[in-house]
Structure formats: C-alpha cells, structure tokens
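Structure at a glance
Letter by letter, the chains look like this.
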Amino acid sequence: MTRKQPGALTLAQAEASTSDITFKDLGLSPPMLASLDAAGYTKPTPIQAQAVPLALKGRDIMGLAQTGTGKTAAFTIPIIERLMGGPARTRALILTPTRELCQQVEESFRKYGTGTGLHVVSVYGGVGYDVQTTALRGGVDVIVATPGRLIDHLEKQNVVFDELEVLVLDEADRMLDMGFAPQINRIVAQIHPYRQTLLFSATMPPEVEALARKYLRKPVVVQVGRRSAAATTVRHYVYPVPKHRKAELLTHLLQATKPEDSILVFTRTKHGADKVVRHLEEQGYSADALHADKTQAQREQALARFKAGQTRLLVATDIAQRGLDISGISHVVNYDVPQQAEDYVHRIGRTGRAAKEGDAFTFMCADEIGMVRTIERVIGQEIPRISVAGYDFGT
Ligand code: AMP
C-alpha cells in the first residue's frame, strides 16, 4: 500500500505484503546472502524487506522503527553492498546517539560485511583520541560516530567528507533529545547535498520531521508497526507498590524467575541504580550497574558480563535504554516509571526482541500513577495491574 502524506512523503507501509519476501528477493549479492545465512537469519524483517531495496536504489529513507525490528541491518546491508569493491575512502557516515550504539552498529558492519575488507571505525567520547585518530588518518570506508566526538575530529582535520556518499542518522529522536541538533547541523553542513541520506527514528515528533525535511531529498517513509506501538511479544504488568518497598518487591519477583533469565532493570537516577545493585547483592544476586558515572571500561565489562550470562541482572539508567543490542532479555523491570511515555516503549524494546517473548514489569508508586496513565494512552493499551499481597499500596 502506498499513499501520499502531506509534504510529498511517500508512505510504503507494506508490512503484510513483505511477509513472504526472502533475502534473495531483495537483490543482494552472493557474499551478502552468505553472511546473512551465517548470521542465522532465515528471512528479512519487515523493515529490512521494505528499506533494503529502496536504499539499494539510492533513495533517501525515513525509517520509523524502534530497536528490535532489525533496523540496524536495514541500513548496514545496503551500505555494504554499495561500498563493496569501491576505493578506500570515507564514503559512509553513521551518526548515533550513544557509544554503545556506535559499537553495536560497528559490530553489525563486521557481521554482515565479513570478507569485504571494508574498514569501519567507531568514534565516540569517553575514551582517548589516539586510537581513533590513527584509524581515521589511516583511511576508513565507514565511520560510525557520536556527534560530539566527531566534531572534535573534524576540528582536528582528522576526517574529510569530500567523498561521502551515504549519511545515516540513526535514532534521530534520541539524538535530538540529547541536545545534539547543533552538532548534527555542523556535521551535515560539511557533506555535499548529493549524498544518500537515511534517517531512522522510533518516533516522529515535529523536531525529527523538521530534520527530515531539511536533510532528506524526496524520502520514502518506511514504517514498521504503529507509531509508538510497544513490542507485541511482550507481556506488560504494572505493580502498584509504595516507593520504599520497591527493592523488596524486586527481590520477591525475582524468586519466580528462572536461573537462565536475564533481567534489565531501569532506574531514574544513577544513585538509584547503585542502590538497587547493592540491595540485590545483599540478597545474593549478581548484578551490575550501567550508567554515565561508570567508566567506559566498566560499562563495556558490565555489558559483556550480562551478555555472556555471567550476571543475570543489569541495572541501568536511561543511557542503556535505546539501541543496545542485548538479545534474549527475558524481563525488563521499570523500577521507576519512565518520565516520558516514549521512553517506556524504548525500554520495553529491550525485551521481546526479534520475536522472542518477554515480560515487562513496571513498579508504580502513588506519585507515578498519572505517568502510567499517560503511557497507556500513548501505547494504546491498558496495562494489567497486579497486586502482590503484602506489597501493594494498602500495606
Ligand atoms: P536492531 O533492531 O537493529 O537492534 O536488531 C535487533 C536484533 O535482531 C539484532 O539482534 C539483530 O541481530 C537481529 N536481526 C536483525 N535482522 C534479523 C533477521 N532478518 N532475522 C533474525 N534476526 C535479525
């Protein structure tokens, strides 16, 4: 189904009709098909089925898709196809909001671009400059960067975008939320207008729409799922609980989980995350905290331990909320109700990924009732309340 949207954006909302499409149908090269096979993917996800052929044709794309939909591969696959065999120079730039997402996108290039010899470097803050400078000056095909650190390298003339062909703005809504608009504008100003631009965003607030109008040329809008729809494979529950009993409720609920479950807990503050980790450790659970006060090495270690199943619990603030590719999470716990309804959707996007099932528990104290109602309006569904004897408001 294709229809015109105001502003001459074409909407290719073809989820139903993409269900039978195979990777072969997308016009991919044999090495790429082999990489996807090696990755264990049997067929493209709806965003891939829609976006890949358009991107291969050189179209600008506005992709409305949250994490967990396969959106990273939706842009890395066509970029690899485009760059394969070409001269080594900086031809693609991916801007992402966080260093974790940078690393994940870089990983995705390695996974799907095995054997292509493409040089991919990721550039983000919180680590030294030297390694990045050497890599950039040595010549790279693809740069995956957070905007702030990339500006530093531009100022030091470590990067030139004269020959850039593809620009990706990944998680554009998140980048704007984080105040990166001035940096994005400065960076894009250095890139000639005859590039291909792909913009991915989980939501389309007016600011993202404005960004798209400014930087995309006749974009095709590719949308997966309803805007702001929460992942469908997730079972949502709200637990009414007095604020001071949230920690106890968490350990109470953990008793019903399986040893192999991996659980991501979100708190509002860094201090809150540390407190929850201390409580969990006191109760005999292995847990790590992931937040902005941790060093890059600590963050990487916490993520690696969690991914490897060495820690069952990762307690994170919102830095971990979007983009992180931690698959197989069985539970997301909103220890604190997110401040923005859209954030609920992103947090929940951590579980039920790639059609796996998951549980999302939200702890709601009295002053969070209004926020939960707002979330329910945004996701268009009521979340069942579960009252645990001894823990709910009345106790
Ligand atoms: P993303 O939305 O890009 O964060 O991807 C979510 C997860 O889906 C990642 O773990 C990918 O490795 C995985 N994935 C991407 N494409 C496919 C596919 N076609 N089939 C199965 N899994 C996929």
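None of these values were measured; they are calculated from a predicted model.

Examining the overall build of the chain
Counting its secondary structure elements, the chain contains 14 helices and 15 strands. Of all 395 residues assigned to the chain, the portion counted as buried reaches 56%. Restricting the contact set of the chain to residue pairs at least 6 apart, pairs at least 24 apart contribute 75%. Surface summary for the chain: the accessible area is close to 16900 Å², and the carbon and sulfur share equals 51%.

Quick word on the nonpolar core
Core analysis: the largest hydrophobic core is formed by 38 residues, its most contacted members being Ile-79, Ile-94 and Phe-109. Looking at which element gives the most residues to this core, the answer is helix H3 (residues 71–83), with 7 residues. Leave out the neighbours within four places in its chain, and Ile-94 touches Phe-75, Ile-79, Val-105, Phe-109, Val-142, Ile-143, Val-144, Ala-145, Val-168 and Asp-170. Grouped together as the second largest cluster of nonpolar side chains are 34 residues, Met-175, Phe-180, Ile-187 and Val-221 included.

Some points on the pattern of salt bridges
In the structure shown here, the tally under the stated rule is 18 salt bridges. For Glu-165, the salt bridge is made with Arg-82, and the minimal N-O distance between the two is 2.9 Å. Of this pair, Glu-165 sits in the loop between helix H6 (147–155) and strand S7 (166–169) while Arg-82 sits in helix H3, and the two are 83 residues apart along the sequence. Residues Arg-299 and Glu-100 are paired through a salt bridge, measuring 2.9 Å at the closest nitrogen-oxygen approach. Pair noted here: Arg-299 is in helix H12 (residues 296–307) and Glu-100 is in helix H4 (residues 99–112), with a separation of 199 residues, a long-range link. A single burial state applies to Arg-299 and to Glu-100, both of which are buried. What you see here is one network of salt bridges that share partners, running through Arg-82, Arg-89, Arg-91, Glu-163 and Glu-165.

Describing the site of the ligand
Near the ligand there are 17 residues, and of these Tyr-41, Gln-48, Gly-68, Gly-70 and Thr-72 occur at the shortest range. Between a nitrogen atom of the ligand and a main-chain N or O atom of Lys-43, the distance comes to 2.9 Å. Thr-69 has a polar backbone atom sitting 3.0 Å from an oxygen atom of the ligand. Across the complex, the protein chains shield 86% of the 500 Å² of accessible surface that the ligand would expose by itself.

Observations regarding a positive patch on the surface
A contiguous patch of positive charge on the surface is contributed by Lys-57, Arg-59, Arg-217 and Lys-218. You can see Arg-59 is positioned in the loop between helix H2 (46–56) and strand S3 (61–64). On the basis of relative accessible area, Arg-59 is assigned to the partly exposed category, the value being 33%.

Describing the sheet that holds strand S14 (residues 331–334)
Taken in spatial order, the 6 strands make up an open sheet running S10-S15-S14-S11-S13-S12, and their pairing is parallel. If you trace the sheet from one side to the other, it starts and ends with strand S10 (234–240) and strand S12 (287–290), each paired once. Going from strand to strand, the sheet's axes swing by 20° on average, the running direction of each strand aside. The sheet contact formed by S10 and strand S15 (residues 358–364) spans 7 bridges and is parallel.

A look at the confidence of the model for the chain
Scored by pLDDT, the chain has a mean of 86; 88% of the residues are at 70 or more. Overall, residues 226–231 carries pLDDT values under 50, and its contacts beyond four positions in sequence, including any with other chains, amount to 16 contacts.

Focus: the side chain of Thr-69
On the secondary structure map, Thr-69 appears in the loop between S3 and H3. Only 2.7 Å separates the side chain of Thr-69 from the backbone oxygen of Gln-66, close enough to count as a polar contact. Once residues within four sequence positions are removed from consideration, Thr-69 is found in contact with Thr-45, Ile-47 and Val-224.

Structural notes on unusual backbone geometry
What you tend to see is this: most non-glycine residues have negative phi, and most peptide bonds are trans. The phi torsion at Gln-157 lies on the positive side, around 55°, for a residue other than glycine. Here Gln-157 shows up in the loop between H6 and S7. Look at Glu-171: it is not a glycine, yet its phi comes out positive at around 50°. Positionally, Glu-171 belongs in the loop between S7 and helix H7 (172–177).

Regarding helix H11 (residues 270–282)
In this model, H11 (13 residues) spans 19 Å end to end at C-alpha, consistent with the 18 Å of a helix rising 1.5 Å per residue. Looking only at H11, the buried set comprises Gly-272, Ala-273, Val-276, Val-277, His-279 and Leu-280. Down the axis of H11, the smallest arc covering the buried residues is 160°, so these residues share one side. What points out from H11, more than 90 degrees from its buried face, is the exposed set His-271 and Glu-282. Those residues of H11 hidden inside the fold are in contact with helix H10 (246–254), S12 and strand S13 (313–316). Gly-284 occupies a position one or two residues after H11 and carries a positive phi of about 90°.

Observations regarding the pairing of strand S4 (residues 92–95)
Covered by surrounding structure in S4 are Ala-92 and Ile-94 together with Leu-93 and Leu-95, the residues of both alternating faces. Strand direction decides the pairing type here: S4 and strand S6 (residues 142–145), joined by 4 bridges, are parallel. Counterpart to Ile-94 in the pairing with S6 is Val-144. Direction of pairing for S4 relative to S7: parallel, over a ladder of 4 bridges. Pairing of Leu-95 across the sheet is with Leu-169, part of S7.

Observations concerning the packing of aromatic side chains
Counted according to the given criterion, the structure contains 6 aromatic pairs. When the centroid spacing of 6.0 Å and the interplanar angle of 55° are considered together, the rings of Tyr-41 and Tyr-112 count as tilted. Note that Tyr-41 is positioned in the loop between helix H1 (30–38) and H2 and Tyr-112 in helix H4, a separation of 71 residues in sequence. On the basis of relative accessibility, which here comes to 27%, the residue Tyr-41 falls in the partly exposed class. Between the aromatic rings of Tyr-237 and Phe-361, the centroid separation amounts to 6.1 Å while the plane-to-plane angle is 50°, which identifies the pairing as tilted. Taken together, the residues span a long stretch of sequence, with Tyr-237 in strand S10 and Phe-361 in strand S15 at a distance of 124 residues.

Conventions adopted
- Residues numbered from 1 in each chain as written.
- Predicted model: local features only at pLDDT ≥ 70, side-chain atom pairs only at ≥ 80, totals over all residues.
- Heavy atoms only, no water.
- Helix = DSSP H or I, 4+ residues; strand = E, 2+ residues; numbered from the N terminus.
- Buried < 20%, exposed > 50% of the residue type's maximum accessible area, 1.4 Å probe, protein only.
- Contact = heavy atoms within 4.5 Å.
- Areas by Shrake-Rupley, 256 points an atom, 1.4 Å probe, with all protein chains shown as cover.
- Core = buried A, V, L, I, M, F, W, Y, C linked by side-chain atoms within 4.5 Å.
- Salt bridge = Lys/Arg side-chain N within 4 Å of Asp/Glu carboxyl O.
- Near = heavy atom within 4 Å.
- Polar contact = N/O pair within 3.5 Å; in protein donor to acceptor, adjacent residues only side chain to side chain.
- Patch = residues over 30% accessible without salt bridge, like charges linked within 9 Å, V, L, I, M, F, W, Y side chains within 5 Å.
- Lys, Arg positive; Asp, Glu negative; His and termini not counted.
- Charge placed at Lys NZ, Arg CZ, Asp CG, Glu CD.
- Pairing = 2+ DSSP bridges.
- Axes fitted to C-alpha atoms, helices over the stretch in contact; angles between N-to-C directions.
- pLDDT = per-residue confidence, 0-100.
- Expected span 1.5 Å × (residues − 1).
- Arc of directions from axis to C-beta.
- Phe/Tyr/Trp six-rings, centres within 6.5 Å; stacked < 30°, edge-to-face > 60°.

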